[in-house]
Amino acid sequence: MFEELKPHIAELRKRLGISLATIIVMFFICFNFWEPLLAWMIDPLKEVLPSTSSIIFTKVQEPLFTALKVSFFAAFIISLPIVFWQLWLFIAPGLYENEKKMILPFVFFATIMFLMGAAFCYFVVIPFGFAFLVNFGGKLFTALPSIGEYVGFFTKLLFGFGLAFELPVITFFLAKIGLVTDKTLTSFFRYAIVIIFAVSALLTPPDVLTQFLMAGPLILLYGVSILIAKYVNPEEENKEEDIEEENQ
């Protein structure tokens, strides 16, 4: 059994190696621009911080590690097309010839949806979430956010929303190869809502507003995914109808 897995493991190692090499190259490029990248990241926080507050660091190594973290995250975002391309090449051997040709649509839409999720998080969720968190208890405490903790929290949010917005893309290709149908997704809807709110609670700040700002779009995207599956794989529905007619 191990011998059968060796080619797949070797292929996985190759795809991961190319993706990692791309991210490393982009990392060294992005490191030269870490200051403007960090300024872009902290803009939403500066907008809601009171005039008496400031962003600080509490450990000697924190500025350096923050610069590394910012550069790595930017490198990952820039490398997304290559990462998705390598992901497709890894799963392509198990697809039919006509499905293998969909590499460009997959890379394009997967990248676009990730960026849309990150943009929604940056322009909508983060301003509301951070305004609530900074102002909560503002009369009793002075906000002195640590730059290292903030950047870690910021990148976690953007990555979570970017990943969540991949749902329609994943559904499209799963429906294309016949692994899911609109009826499957519809029957799973009630469980999906529970999972969506659980994931939202894990990925967002501990306030109800921000959780709903993530859960709401995800539920909408799940509904869109059902329509996508119905459009992509209508023959499955026809097959089920034919089977029912034959049984009658």
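Data block above holds the structure.
I will try to describe carefully the structure that is included in this document. (Residues numbered from 1 in each chain as written. Predicted model: local features only at pLDDT ≥ 70, side-chain atom pairs only at ≥ 80, totals over all residues. Heavy atoms only, no water.)

Examining the packing of helix 10 (residues 189–203) against helix 11 (residues 208–232)
Two quantities define a packed helix pair, namely the angle between the axes and the distance from one axis to the other.
Argument step 1. Packing of helix 10 against helix 11 leaves a shortest axis separation of 9 Å and a crossing angle of 145°. Crossing angle aside, the handedness with which helix 10 passes helix 11 is right-handed. Taken together, the residues of helix 11 that come into contact with helix 10 (itself represented by Phe-189, Ala-192, Ile-196, Phe-197, Ser-200, Ala-201 and Leu-203) are Gln-211, Phe-212, Met-214, Ala-215, Leu-218, Ile-219 and Tyr-222.
Argument step 2. Of the residues contributing to the contact of helix 10 with helix 11, the split by class is 12 nonpolar, 2 polar and no charged. (Axes fitted to C-alpha atoms, helices over the stretch in contact; angles between N-to-C directions. Helix = DSSP H or I, 4+ residues; strand = E, 2+ residues; numbered from the N terminus. Left-handed = near helix turned anticlockwise from the far one by under 90°. Contact = heavy atoms within 4.5 Å. Nonpolar A, V, L, I, M, F, W, Y, C, P; charged D, E, K, R; others polar.)

Quick look at helix 3 (residues 62–78)
Argument step 1. For helix 3, with 17 residues, the first-to-last C-alpha span of 24 Å sits near the 24 Å given by 1.5 Å per residue.
Argument step 2. Taken together, the buried positions of helix 3 are occupied by Glu-62, Thr-66, Ala-67, Val-70, Ser-71, Phe-73, Ala-74, Ala-75 and Phe-76. (Expected span 1.5 Å × (residues − 1). Buried < 20%, exposed > 50% of the residue type's maximum accessible area, 1.4 Å probe, protein only.)

Brief notes about the packing of helix 8 (residues 167–176) against helix 11
Argument step 1. Packing of helix 8 against helix 11 leaves a shortest axis separation of 9 Å and a crossing angle of 25°. Relative to helix 11, the element helix 8 lies roughly parallel. Considering only the axes of helix 8 and helix 11, their crossing is right-handed. Only Leu-218, Leu-221, Tyr-222, Ser-225, Ile-228, Ala-229 and Val-232 of helix 11 make contact with helix 8, whose side of the interface consists of Leu-167, Pro-168, Thr-171, Phe-172, Ala-175 and Lys-176.
Argument step 2. Each residue belonging to the contact of helix 8 with helix 11 can be placed in one class, and the counts come to 10 nonpolar, 2 polar and 1 charged. (Parallel < 35°, antiparallel > 145°, perpendicular 65-115°, else oblique.)

A word on the pattern of salt bridges
Argument step 1. Applying the stated rule across the entire model yields 1 salt bridge.
Argument step 2. Of the charged contacts, one joins Glu-11 and Arg-15 as a salt bridge, the two residues approaching to 2.8 Å between their closest N and O atoms. Separated by 4 residues within a single helix, Glu-11 and Arg-15 lie in helix 1 (residues 2–31), roughly one turn from each other. (Salt bridge = Lys/Arg side-chain N within 4 Å of Asp/Glu carboxyl O.)

A closer look at the environment of Ala-198
Argument step 1. For Ala-198, the position within the fold is in helix 10.
Argument step 2. When the C-alpha atoms of Ala-198 and Gln-211 are compared, they prove to be 9.3 Å apart, with 13 residues separating the residues in sequence.

Describing the environment of Val-25
Argument step 1. The residue Val-25 is located in helix 1 in this model.
Argument step 2. On the accessibility criterion, Val-25 (46% relative accessible area) is partly exposed.
Argument step 3. Val-25 sits 50 residues away from Ala-75 along the chain, and the two C-alpha atoms are 8.0 Å apart.

Thoughts on the nonpolar core
Argument step 1. Counting residues in each nonpolar core, the largest one holds 50 residues, and the members touching the most others are Trp-88 and Tyr-150.
Argument step 2. Elements that contribute at least two residues to this core include exactly helix 1, helix 2 (34–48), helix 3, helix 4 (80–91), helix 6 (103–135), helix 7 (147–164), helix 8 and helix 11.
Argument step 3. Considering each element in turn, this core owes the most residues, 13 residues, to helix 6.
Argument step 4. Among all residues touching Trp-88, those that are not within four sequence positions of it are Leu-95, Glu-99, Lys-100, Met-102, Ile-103, Phe-106 and Phe-173.
Argument step 5. Among the nonpolar cores identified, the runner-up in size contains 9 residues, and Ala-175, Val-180, Ile-228 and Ala-229 belong to it. (Core = buried A, V, L, I, M, F, W, Y, C linked by side-chain atoms within 4.5 Å.)

Topic: the environment of Phe-153
Argument step 1. Structurally, Phe-153 can be placed in helix 7.
Argument step 2. Placed 51 residues apart in sequence, Phe-153 and Thr-204 show a C-alpha to C-alpha distance of 9.0 Å.

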